[in-house]
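In case you want the letters, here they are:
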Amino acid sequence: GEDVEQSLFLSVREGDSSVINCTYTDSSSTYLYWYKQEPGAGLQLLTYIFSNMDMKQDQRLTVLLNKKDKHLSLRIADTQTGDSAIYFCATLWDYKLSFGAGTTVTVRA
Amino acid sequence: DTEVTQTPKHLVMGMTNKKSLKCEQHMGHRAMYWYKQKAKKPPELMFVYSYEKLSINESVPSRFSPECPNSSLLNLHLHALQPEDSALYLCASSQATGGFGEKLFFGSGTQLSVL
């Protein structure tokens, strides 16, 4: 299966930008995803990017994809306390999502 | 409506009990999924239904039995579970575009404790 790796923790000050990084091994995935999970909740699809794109922007979220290096990143501008959560990157092949371990983002005042 | 509804939200059961988890979506999605998530870990795929037919079973023990009565409903029947089966069980759905480019929408999960 696909290997997806993420750093485990990120601490950021409120109002700053957060950048969460992810690497993956299988280049055949056509879509790559970012999910957010708040404590005690399910997963929320934040955004996704098609593999032939380099960048996608959606309000405060910017996704960058470097296919050559198999590197995906999620930038959150003007980080707020409500952005504190676990963020999972994921790739998909034949109905199977492969998740990274998740990055716990803590927003401090 | 992008909601996947799961019931119950919490469930405590003994190892000899039989219980069922329920999942419902009204987005017209034709693929539905069960995932298991242990604390501080990513979700793990258990089952996938596509057009009401079981298409993927990730070697899940037979004490977990999925059922898809129609395109909007997905059940997970539980019997003779073990304490290590305690976890958050997540249901998800997607349009079923052929397994590529699927956008999965997740429910809020059932937190299961097996005593």
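Structure first, text after, so check above.
Nothing here was measured: the structure is a model prediction, and the numbers come from that model. Note that residues are indexed from 1 along each chain, following the sequence as it is written. To label them, take the chains in the order written and letter them from A, then take the ligands in the order written and number them from 1. With pLDDT at 70 or above as the cut-off, local features in this predicted model cover only qualifying residues; side-chain atom pairs require 80 or more to be listed or tallied, and sums for whole chains, interfaces and linings still use all residues. Working from all heavy atoms in the structure, the side-chain values ignore hydrogens and water.

A. Highlighting the sheet that holds strand β6 (residues 55–58) of chain A. All names here are of chain A. With respect to topology, five strands assemble into an open sheet ordered β1-β3-β8-β7-β6, the strand pairing being antiparallel. On the outer flanks of this sheet lie β1 (4–6) and β6, each paired with one strand and no other. In this sheet, neighbouring strand axes are inclined to one another by 15° on average, regardless of whether the strands run parallel or antiparallel. Note: two strands are recorded as paired if DSSP finds a minimum of 2 bridges between them. Labels follow the DSSP assignment, with helices taken as runs of H or I lasting at least four residues and strands as runs of E lasting at least two, numbered in each case from the N terminus. Bridge count for β1 against strand β3 (residues 18–24) is three bridges, and the pairing is antiparallel. Between the N-to-C directions of two axes lies an angle of 0 to 180 degrees, each axis being a line fitted to C-alpha atoms and, for a helix, fitted only over the stretch in contact.

B. Region of interest: the environment of Ala87 of chain B. Residues and elements named next belong to chain B. When you line up the elements, Ala87 lands in strand β9 (residues 87–94). Along the backbone, Ala87 and Ala39 are 48 residues apart, and their C-alpha atoms lie at a distance of 7.2 Å. Only heavy atoms matter for contacts: two residues are in contact if any of them lie within 4.5 Å across the pair. What Ala87 contacts, discounting residues up to four positions off in sequence, is Lys36, Gln37, Lys38, Thr110, Gln111 and Leu112.

C. Expanded view of the interface of chain B and chain A. Across the contact, 26 residues belong to chain B and 21 residues belong to chain A. Summed over both partners, the accessible surface that disappears when two parts come together, traced with a 1.4 Å probe, is what is meant by buried area. Counting each side, the surface lost to burial between chain B and chain A is near 1900 Å², with a carbon and sulfur contribution of 65%. When residues of chain B are sorted by the area they lose upon contact with chain A, Phe100, Lys103 and Phe106 of chain B head the list and together hold 26% of the total. When a carboxyl oxygen of Asp or Glu is within 4 Å of a side-chain nitrogen of Lys or Arg, the pair counts as a salt bridge. Summed over the shared surface of chain B and chain A, the result is one salt bridge. Between Lys96 of chain A and Glu58 of chain B there is a salt bridge, and its shortest N-O distance comes to 3.0 Å. In protein, a polar contact requires one atom able to donate a hydrogen and another able to accept it; more generally it is a pair of N or O atoms within 3.5 Å, and residues adjacent in sequence count only if both atoms are side-chain atoms. Inspection of the region where chain B meets chain A yields four residue pairs in polar contact (both at pLDDT 80 or more).

D. Region of interest: the sheet that holds strand β7 (residues 64–70) of chain B. All names here are of chain B. Strand order in the open sheet made by the four strands is β1-β3-β8-β7, with antiparallel pairing throughout. Here the strands that pair on one side only, and so sit at the sheet edges, are β1 (4–7) and β7. Ignoring strand direction, the axes of neighbouring strands in this sheet form an average angle of 20°. As judged from the four bridges shared by β1 and strand β3 (residues 18–25), these two strands associate in the antiparallel manner. The residue of β3 that forms the bridge with Thr7 is Lys22.

E. Local environment of the packing of aromatic side chains. Only the six-membered ring of Trp is used, alongside the rings of Phe and Tyr, when aromatic pairs are assigned; centres must lie within 6.5 Å, and planes under 30 degrees apart are stacked while those over 60 apart are edge-to-face, with the rest tilted. Applying the stated rule across the entire model yields eleven aromatic pairs over all chains. With 6.1 Å between their ring centres and 80° between their planes, Phe99 of chain A and Tyr35 of chain B make a pair best called edge-to-face. Placement of Phe99 of chain A in strand β10 (residues 96–99) and of Tyr35 of chain B in strand β4 (residues 31–37) is noted, with the two residues assigned to different chains. Look at Phe99 of chain A and you get buried, because its relative accessible area is 10%. By relative accessible area, Tyr35 of chain B is classed as buried at 0%. One aromatic cluster in this structure is built from Tyr31, Tyr33, Tyr35, Tyr48, Phe50, Phe88 and Phe99 of chain A together with Tyr33, Tyr35 and Phe106 of chain B. Only protein chains enter the area calculation, which uses a 1.4 Å probe; residues under 20% of their type maximum are buried, those over 50% are exposed, and those in between are partly exposed.

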